[in-house]
Amino acid sequence: MNKSPLVGIIMGSQSDLPVMRPAAEFLEAANIPFELSIVSAHRTPQRMIEYAQSARSRGIKVIIAGAGGAAHLPGMVASLTSLPVIGVPVKSRNSIDGWDSILSILQMPGGIPVATVALDGGKNAGILAASIVGTFDAKTADYLDSYKHELTDKVMRSVDELDRKGWK
Ligand code: RP5
């Protein structure tokens, strides 16, 4: 993307990419400039601090942070910036069924919220980030409205299909 990014997507490891990629794909489809990189709270702590502290001045409006296991990245980033942070718990190899990631991201202490999406919920993180961009960008808000209408239409097509079978 050439335009300066509005959304920063970061993840603790390359192994998180399959979960985080749908966030990037949604933003790309919505024509929202984003950046995507690996920032580890434990393996690159200094890089995490620099990333979080510079994000606002670089024009980022919202950060999506994904991590698995002892998933400290979203919460630590939230503690270092006043930007909204969306946390994506990842069911990683080192995770105990995803619960450690979920609780590490969800159970933040008072004062430092992280907007936590579902386990492996990369796509919803992208949609939520787009909703934040939609608060100040009308084209993005229009895109989200169309996206939601399409979801409704899809369900109604399924309803019609079932009705045609006479299973009502
Ligand atoms: C976390 O540990 C990462 O976010 C990842 O989900 C998990 C495993 O990382 P790797 O060992 O695959 O690099 O910090």
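All of these numbers come straight from a predicted model, not from anything done at the bench.

Residues in contact with the ligand, as listed here, are G12, S13, S15, D16, R43, A67, G68, S92, R93 and N94. The separation between an oxygen atom of the ligand and a polar main-chain atom of G68 is 3.0 Å. Here the ligand loses 83% of its free accessible area of 360 Å² to cover by the protein chains. In a pocket analysis with a 2 Å cut-off to the grid points, the ligand is assigned to the largest pocket. Its residues assigned to classes, the shell around the ligand comprises one nonpolar, six polar and three charged.

Taken together, the five strands give an open sheet; going across it, the order is β2-β1-β3-β4-β5, and neighbouring strands pair in parallel fashion. At either margin of the open sheet sits one strand with a lone partner, and together these are β2 (34-38) and β5 (115-116). Where strand β1 (residues 7-11) meets β2, five bridges bridge the pair, whose relative direction is parallel. By the bridge assignment, I9 is partnered in β2 with L36. Its contacts with the sheet put helix α3 (residues 73-80) on β1, β3 (62-68) and β4 (85-90), and the angle it makes with β3 is roughly 150 degrees.

This next bit is on the packing of helix α1 (residues 17-29) against helix α5 (residues 122-134). Between α1 and α5, whose axes approach to 6 Å, the crossing angle comes to 35 degrees. As α1 runs across α5, the sense of the crossing is right-handed. On the side of α1, the interface is formed by V19, P22, A23, F26 and L27, while α5 contributes G122, K123, G126, I127, A129 and A130. In terms of residue class, the contact of α1 with α5 is made up of eight nonpolar, two polar and one charged.

Time to look at the packing of aromatic side chains. If you walk through the whole model with that rule in mind, you get two aromatic pairs. When the ring of F26 is compared with that of Y143, the centres are 5.9 Å apart and the planes differ by 75 degrees; the resulting orientation is edge-to-face. Of this pair, F26 sits in helix α1 while Y143 sits in helix α6 (residues 138-164), and the two are 117 residues apart along the sequence. Assessed through its relative accessible area of 5%, F26 is described here as buried.

To continue, consider a nonpolar patch on the surface. Taken together, the side chains of W99, L103 and L106 define a hydrophobic patch exposed on the protein surface, amounting to about 330 Å² of accessible area. In this structure W99 comes out as exposed when scored by relative accessible area, which is 54%.

Of all seven residues making up β3, seven are buried, and the element is well covered by its neighbours. Every second residue of β3 is oriented toward a common face, with V62, I64, G66 and G68 on one face and I63, A65 and A67 on the other, all of them buried. Here β1 runs beside β3; their pairing, made up of five bridges, is parallel. Looking at the pairing, I10 lines up with A65 of β3. Between the parallel elements β3 and β4, the chain passes through α3 in a crossover that is right-handed.

About the criteria used
- Residues numbered from 1 in each chain as written.
- Predicted model: local features only at pLDDT ≥ 70, side-chain atom pairs only at ≥ 80, totals over all residues.
- Heavy atoms only, no water.
- Near = heavy atom within 4 Å.
- Polar contact = N/O pair within 3.5 Å; in protein donor to acceptor, adjacent residues only side chain to side chain.
- Areas by Shrake-Rupley, 256 points an atom, 1.4 Å probe, with all protein chains shown as cover.
- 1 Å grid on protein atoms, 1.4 Å probe; cavity = no way out; pocket = protein on both sides within 12 Å on 5 of 7 lines; lining within 4 Å.
- Sits in = over half its atoms within 2 Å of the grid points.
- Nonpolar A, V, L, I, M, F, W, Y, C, P; charged D, E, K, R; others polar.
- Pairing = 2+ DSSP bridges.
- Helix = DSSP H or I, 4+ residues; strand = E, 2+ residues; numbered from the N terminus.
- Contact = heavy atoms within 4.5 Å.
- Axes fitted to C-alpha atoms, helices over the stretch in contact; angles between N-to-C directions.
- Left-handed = near helix turned anticlockwise from the far one by under 90°.
- Phe/Tyr/Trp six-rings, centres within 6.5 Å; stacked < 30°, edge-to-face > 60°.
- Buried < 20%, exposed > 50% of the residue type's maximum accessible area, 1.4 Å probe, protein only.
- Patch = residues over 30% accessible without salt bridge, like charges linked within 9 Å, V, L, I, M, F, W, Y side chains within 5 Å.
- Salt bridge = Lys/Arg side-chain N within 4 Å of Asp/Glu carboxyl O.
- Right-handed = clockwise from strand over helix to strand, strands pointing away.

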